[in-house]
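The lines below spell out each chain.
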Amino acid sequence: MIDLKLAQKQPEFLSTALADRQCDLNVTDFLALDARRRKLLAEVESLKNKLNTASADVARQKREGQSITEAQTRLGELSSTIKELDVQTAEANDAVETWLLRVPNIPHSSVPVGRDETANTEAHRFGIPRAFDFDPKKHGELGGALGGLDFKRAARMTGSRFVVTLGWAAHLERALVNFFLDIHTQNNGYTETGVPYMVNRAAVIGTGQLPKFEEDLFRLRDRDYYLVPTAEVPLTNLHAAEVLDEEYLPLAYCAATPCFRSEAGNAGKDTHGLIRMHQFTKIELVRFAHPDDSMNQLELMCGHASRLLELLGLPYRVITLCTGDMGFSAAKTYDIEVWMPAQRTYREISSCSNCTDFQARRANIRCKPKGGKAVFAHTLNGSGLPVGRALAAILENYQQKDGGVRLPKALVPYMDGMECIEPV
RNA sequence: GGAGGGAUAGCGAAGUUGGCCGUAACGCGCUCGUCUCGAAAACGAGUUACCGGUUAAUAACCGGUACGUGGGUUCAAAUCCCACUCCCUCCGCCA
């Protein structure tokens, strides 16, 4: 959530920022809503002042043994007037709140302005895509042929966009989870965390997926619980409603969880293989930072995520998303894209964002120096990395002419010494 | 699922015959001061957040709201009533 004061005091700035983000909310209309809210508030507050003062008089009169029946009837009317006005004020408050909850974060000044992904800029690049002396296969075909990925049986027991992994593929998923977590906990200082895979509505509002993106989430029928679309939700909400001691910042957490996404708006997009599943496993990184330090923390975290690809020997590039392409809660986002030989293109494998105080304001996460005043902390999140997409990238980049797949050296110890997935 | 207890500031905790009890007793923490070469200890003072008005001001001032959440009763609710959430203890069931 953005700061209400920003809308009140710099409406033109906000309008421009929203336009840059391809968001069509109207700030002028909002200011009218807010003006109405303030007018009602001023009115009802002065009546409440009257009632409070009069009630204190009643208390005094009663103590002195005077009759209070006249005052009671008179104040009864005032009291019910206040009740009616209170209802209107609450409605006006809701209108303001509802609007604010649908406003995306303000882009950071370093973010390129543009309407869609064509305005994204490349920050840097690692590795040289391997030259193949044969036609590289798509990971879905490879994985299927090697007996590791079974989309058909998953579809039978559940539906489309689910997968069953078997044998080496299931082992490789487990290896990747352990490898990623080990690097983050041992080299990068993250605290490994086990979190609920279902969260309540307040948590999902806190990170910004709600109220705007209800259709992307799986919700339980009989409880107000949602399946986590990413561990960003439980990890960021870890410190919801807390005041963090500034000297302990930054705080860094990682968690491997399944992620559940209905992908309602993406029917037919990127349907091949493991790329866009309803359920996938991902290791998520979340950091809580001091406002002055959060942009540095973003660079750091993005480095943590991309380092994994280097360790796996996978070529990638880092893209700075432009204003029109960023997610709702982000002030700045780097996408890391891994080389996918079968499509001869880089595909998103990680998204690292600084959400500044946007989520912190929604989830009420503050930080405070010793003896000082609390301010909203900054929250950051990044994928480090999704297991399915990493597995897909390994299959495609390390495939051999005979249909087998060599394994990256870093994973061999995690695969009980297996160096190669032999063709069947 | 059943029975009982609980939720009050950054933390602990007092307050339930309704009314100067919310800038919320008391304690811890934190800030400032005294003492000290310095520190600790001791002593003294200070320290809720948010919203609205006013304002150049996120200063001062005035007002409002908040005692888990949402309702209700009342001139007036931390206090009485109803529903719900979470935590603790015990019982039952269970991986």
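Residues numbered from 1 in each chain as written. Chains lettered and ligands numbered in written order. Predicted model: local features only at pLDDT ≥ 70, side-chain atom pairs only at ≥ 80, totals over all residues. Heavy atoms only, no water.

**Student:** Tell me about the overall build of chain A, residues and numbers included.
**Tutor:** Helices and strands together make up the secondary structure of chain A, namely twelve helices and 17 strands. Counting only C-alpha atoms, chain A reaches 100 × 45 × 45 Å along its principal axes. Every one of the 424 residues in chain A was classed for burial, and the buried ones make up 49%. By sequence separation, contacts in chain A at least 24 residues apart represent 73% of the contacts at least 6 residues apart. For chain A, the exposed area adds up to about 20300 Å²; of that, 50% sits on carbon and sulfur atoms. Charge centroids of chain A, computed over 50 positive and 54 negative side chains, lie 2 Å from each other. (Helix = DSSP H or I, 4+ residues; strand = E, 2+ residues; numbered from the N terminus. Buried < 20%, exposed > 50% of the residue type's maximum accessible area, 1.4 Å probe, protein only. Contact = heavy atoms within 4.5 Å. Areas by Shrake-Rupley, 256 points an atom, 1.4 Å probe, with all protein chains shown as cover. Lys, Arg positive; Asp, Glu negative; His and termini not counted. Charge placed at Lys NZ, Arg CZ, Asp CG, Glu CD.)

**Student:** Talk me through the nonpolar core; I want residue IDs and the actual numbers.
**Tutor:** Leu176, Phe180 and Ile336 are the most contacted members of the largest nonpolar core, which totals 52 residues. It is helix H7 (residues 168–186) that provides the largest number of residues to this core, a total of ten residues. Non-local contacts of Ile336, meaning those with residues more than four positions away in its chain, are made with Cys302, Ala305, Ser306, Leu309, Tyr316, Arg317, Val318, Arg347, Glu348, Ile349, Ser350 and Cys352. Within the second largest apolar cluster, 18 residues are counted, among which are Met1, Ile2, Ala7 and Phe328. (Core = buried A, V, L, I, M, F, W, Y, C linked by side-chain atoms within 4.5 Å.)

**Student:** Got a sec to walk through H7? Specific residues and values, please.
**Tutor:** The terminal C-alpha atoms of H7 lie 26 Å apart, and with 19 residues this matches the ideal 27 Å at 1.5 Å per residue to within 8%. Residues of H7 that are buried include every one of Trp168, Ala169, His171, Leu172, Ala175, Leu176, Val177, Phe179, Phe180, Leu181, Ile183 and His184, and no others. (Expected span 1.5 Å × (residues − 1).)

**Student:** So what about the domain arrangement of chain A? Which residues, and what values?
**Tutor:** How big an interface is tends to be stated in terms of accessible area lost as the parts join. Domain boundaries in chain A define domain 1 (4–101) and domain 2 (117–421). On a C-alpha basis, the centroid separation for the pair domain 1 and domain 2 is 43 Å. At the junction of the two partners, domain 1 supplies five residues and domain 2 supplies nine residues. Interface area for domain 1 against domain 2, summed over the two sides, is near 590 Å², with a carbon-plus-sulfur share of 49%. When the area that domain 1 buries against domain 2 is broken down by residue, the three leading residues are Asp20, Arg21 and Leu101, summing to 87%. Run the count over domain 1 and domain 2 and you get six residue pairs in polar contact (both at pLDDT 80 or more). Residue composition of the side of domain 1 that touches domain 2, by class: two nonpolar, one polar and two charged. (Domains from an automatic or database assignment. Buried area = accessible area lost by both parts, 1.4 Å probe. Polar contact = N/O pair within 3.5 Å; in protein donor to acceptor, adjacent residues only side chain to side chain. Nonpolar A, V, L, I, M, F, W, Y, C, P; charged D, E, K, R; others polar.)

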